[in-house]
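Below are the chains, spelled out letter by letter.
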Amino acid sequence: MSDEQTRPHDHATVQKLRHFSREQGPERVVHAKGSAAHGFLEVTEDLSQLTTAGLFQPGARTPLLLRFSTSAGELGAPDTAREPRGFAIKLYTEEGDYDLVGNNMPVFFIRDPAKFADLVHSQNRQPDTGLRSNDLQWDFWTLSPESAHQVTMLMSDRGIPRTLRHMNGYSSHTFAWINAGGEKFWVKYHFKTLQGIENLTEAEALRAAAADPDAHRRDLRRAIADGDAPEWRLEVQVMPAEEAAGYRFNPFDVTKVWPHGDYPPIPVGRLVLDRNPEDFREVEQSSFSPANLVPGIGLSPDQMLIDRIFSYRQTGVEAAEAIWAVEPEEIGRYANARHAADDDFGQAGTLYREVMDDAQRDQLVENVVGHAGAEVSDEVQERVVEYWMQVDSVLGARVEAGLRRTP
Ligand code: NDP
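If you're wondering where the values come from, they're calculated on a predicted model, not measured in any experiment.

**What about the pairing of strand β3 (residues 86-93)?**
- Burial runs high along β3: seven of the eight residues are buried.
- Judged from the eight bridges that link them, β3 and strand β4 (residues 96-103) form a sheet pairing that is antiparallel. By the bridge assignment, L91 is partnered in β4 with Y98.
- Counting the residues in the hairpin turn of β3 and β4 gives two residues.

Now the structure itself:
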C-alpha cells in the first residue's frame, strides 16, 4: 500500500507542505545576495570636538554587523560579478542602532532619485528576454553622463574585488556631525582595507564564478573561522558647514568625491570582523536604513540620501524602526546647484589620468570594450565612444578602436 493511500487526510503532512511553500521570504529588490559578519568599531582618536555621538568618543568600542552584497545579482548569482558591492554596517550603539549603508565605491551612478528605478531596471533581467542587457546598461549610462565617474570605477580593476576583505567601504553620501556647541560639520566616511586592495581580472572572475559562485561568502567565513579577522581603518573627511556653499564641488553630489588635497582624511579608529553568524537568518533578515541615526549625527541635503530615507522603509526584510536623531529642518535647505568646478566628466578624467597607472588604464579599456562590445547596438556604441571621449580623448579613441576590432 502506498503512503498516499495510508494518509489521505494527514493533517501533519498538509501543515508541513503549507509551511514548506511559505518558508522563503521574497528576495530584496536590490542587493539580494549578502554575506555578513559580526565585529566591532573601536575609536582610537579624539574627535569629541566634532560630534557628541557616543560611538565616536575616544576609546568607544561598538559591536556591529557588516553585510556585504552584490547589487544586481539574485540570491544565487555569482559573487565575482562586475558590480558595486554593498558595505552596510549596523552599529549597536548605547544610543540606539546606527546604520551606515555604504558601498565599496565612493560615488554613485546618479544624483537624482527620480532616475533610481530606471537605473535598476537597466541592470536587471529584461521583461521580454529574461536576460540582462549590456545594451540597456550602456543606453542608460550614456544618457546619464553623471554616471561616468562610477562607471569608470566599475570598469576599472576595482570593479571585481578578489574577496570582500580586499576592498574599501565608503559612506558615499555626506552626513552631518554636530558637536556639543551645536556646530555642524559635513563628513564622509572611508573604511580602508588593511588587507590591501586586491582585484580579479575579468578572466579570473569568470573562472571563480564557474568554480564556486559563493567564493566571496566562503572566503569571508573561512578567514574569520581561521582567526584571520579582517580589519579596516576608518577615516573621515570633515568640512566645516560654512565652507559648503563656496566649495568648488557641490559637497552633496553623490557622483563626486571631495579630493583628499581639499579635505584630508582624519583617522578615527578600526573596524574588525571577528565572529561569523551562527544562523544565516542573521544575514538574511538584517535590514538597514540610513534613517537609523543617533544623537550627534545627522543627514545632509544629498537628494539620493533623502530618497533612501524613505525608500528603505519599503524594501527591508524586516522594516527597520527609524530613530530620528535630527528633525528634518536640521538637514538644511540647500539648492542642488552646480558649483564652480562641477561637471559630469572631470573627476572621472582625473581618476583615469592622475590616479591609474598604465596597467590599470589598459584594463579599463579592455573591460569597457569587452562589455560594450557584447550585444550592444551600433547606435548605443556610438554614444559609448562619445561618453569616454568626454572622460578623456585618448581613452575615447582607444575604446573606439577596440570596439571597431570587436566582431
Ligand atoms: P588621491 O590621489 O588623494 O586619491 C586617489 C584615490 O583613488 C585613493 O583613495 C585610491 O584608493 C582611489 N583609487 C585608486 N584607483 C581607484 C579605482 N580604480 N577606483 C576607485 N578608486 C580608486 O586623489 P584625490 O583625492 O585628489 O582624487 C582623485 C581621484 O581619485 C578622484 O577624482 C576620484 O576619482 C578618485 N578617488 C578619490 C577619493 C576621495 O575620496 N578623494 C576616493 C576614491 C577615489 P586607495 O587609497 O585605497 O588606493
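**With respect to the nonpolar core**
- Core analysis: the largest hydrophobic core is formed by 40 residues, its most contacted members being F56, Y98, Y189 and I297.
- Excluding anything up to four places from it in sequence, Y189 contacts F56, Y98, L100, G169, Y170, S171, F175, W177, L234, E235, V236 and I297.
- By size, the runner-up hydrophobic cluster in this structure holds 36 residues, among which are F345, L364, V365 and V380.

**Section: the site of the ligand**
- Close to the ligand lie 19 residues; H149, S156, R158, N168 and H260 are nearest.
- Taking R158, its side chain carries an N or O atom lying 2.8 Å from an oxygen atom of the ligand.
- Here a nitrogen atom of the ligand sits 3.0 Å away from a polar atom, N or O, in the main chain of W258.
- For the ligand, the protein covers 78% of the area, taking 790 Å² as the surface of the free molecule.
- Broken down by secondary-structure element, the contributors of at least two residues to the shell around the ligand are α5 (148-155), β7 (184-193) and α10 (346-355).
- Counting residues per element, the shell around the ligand draws most heavily on α10, which supplies four residues.

**What about the pairing of strand β6 (residues 175-178)?**
- Taking every second residue as pointing to the same face, both faces of β6 are buried, with F175 and W177 on one and A176 and I178 on the other.
- Where β6 lies against β7, four bridges are found, and the strand directions are antiparallel. In the strand pairing of β7, I178 is matched with K184.
- Note: β6 against strand β10 (residues 297-298), two bridges, orientation antiparallel. Residue pairing for β10: W177 is matched across the bridge by I297.

**Topic: helix α11 (residues 358-372)**
- With 15 residues, α11 ought to run about 21 Å at 1.5 Å a step, and its terminal C-alpha atoms sit 21 Å apart, in line with that.
- Within the sequence span of α11, burial applies to Q360, R361, L364, V365, N367, V368, V369, H371 and A372.
- For α11, the capping residue at the N-terminal end is D357, with a side-chain oxygen 3.2 Å from the backbone nitrogen of A359.

**Quick look at unusual backbone geometry**
- One non-glycine residue, S172, lies in positive phi territory at about 60°.
- Within the secondary structure, S172 is located in the loop between β5 (169-170) and β6.
- With relative accessibility at 7%, the residue S172 sits in the buried group.
- In this structure, E375 takes a positive phi of about 55° despite not being glycine.
- Relative to the helices and strands, E375 resides in the loop between α11 and α12 (378-391).
- For E375, a relative accessible area of 75% translates into the label exposed.

What counts, and at which threshold
Residues numbered from 1 in each chain as written. Predicted model: local features only at pLDDT ≥ 70, side-chain atom pairs only at ≥ 80, totals over all residues. Heavy atoms only, no water. Buried < 20%, exposed > 50% of the residue type's maximum accessible area, 1.4 Å probe, protein only. Helix = DSSP H or I, 4+ residues; strand = E, 2+ residues; numbered from the N terminus. Pairing = 2+ DSSP bridges. Core = buried A, V, L, I, M, F, W, Y, C linked by side-chain atoms within 4.5 Å. Contact = heavy atoms within 4.5 Å. Near = heavy atom within 4 Å. Polar contact = N/O pair within 3.5 Å; in protein donor to acceptor, adjacent residues only side chain to side chain. Areas by Shrake-Rupley, 256 points an atom, 1.4 Å probe, with all protein chains shown as cover. Expected span 1.5 Å × (residues − 1).

Function cannot be read off these values alone, since they describe shape.
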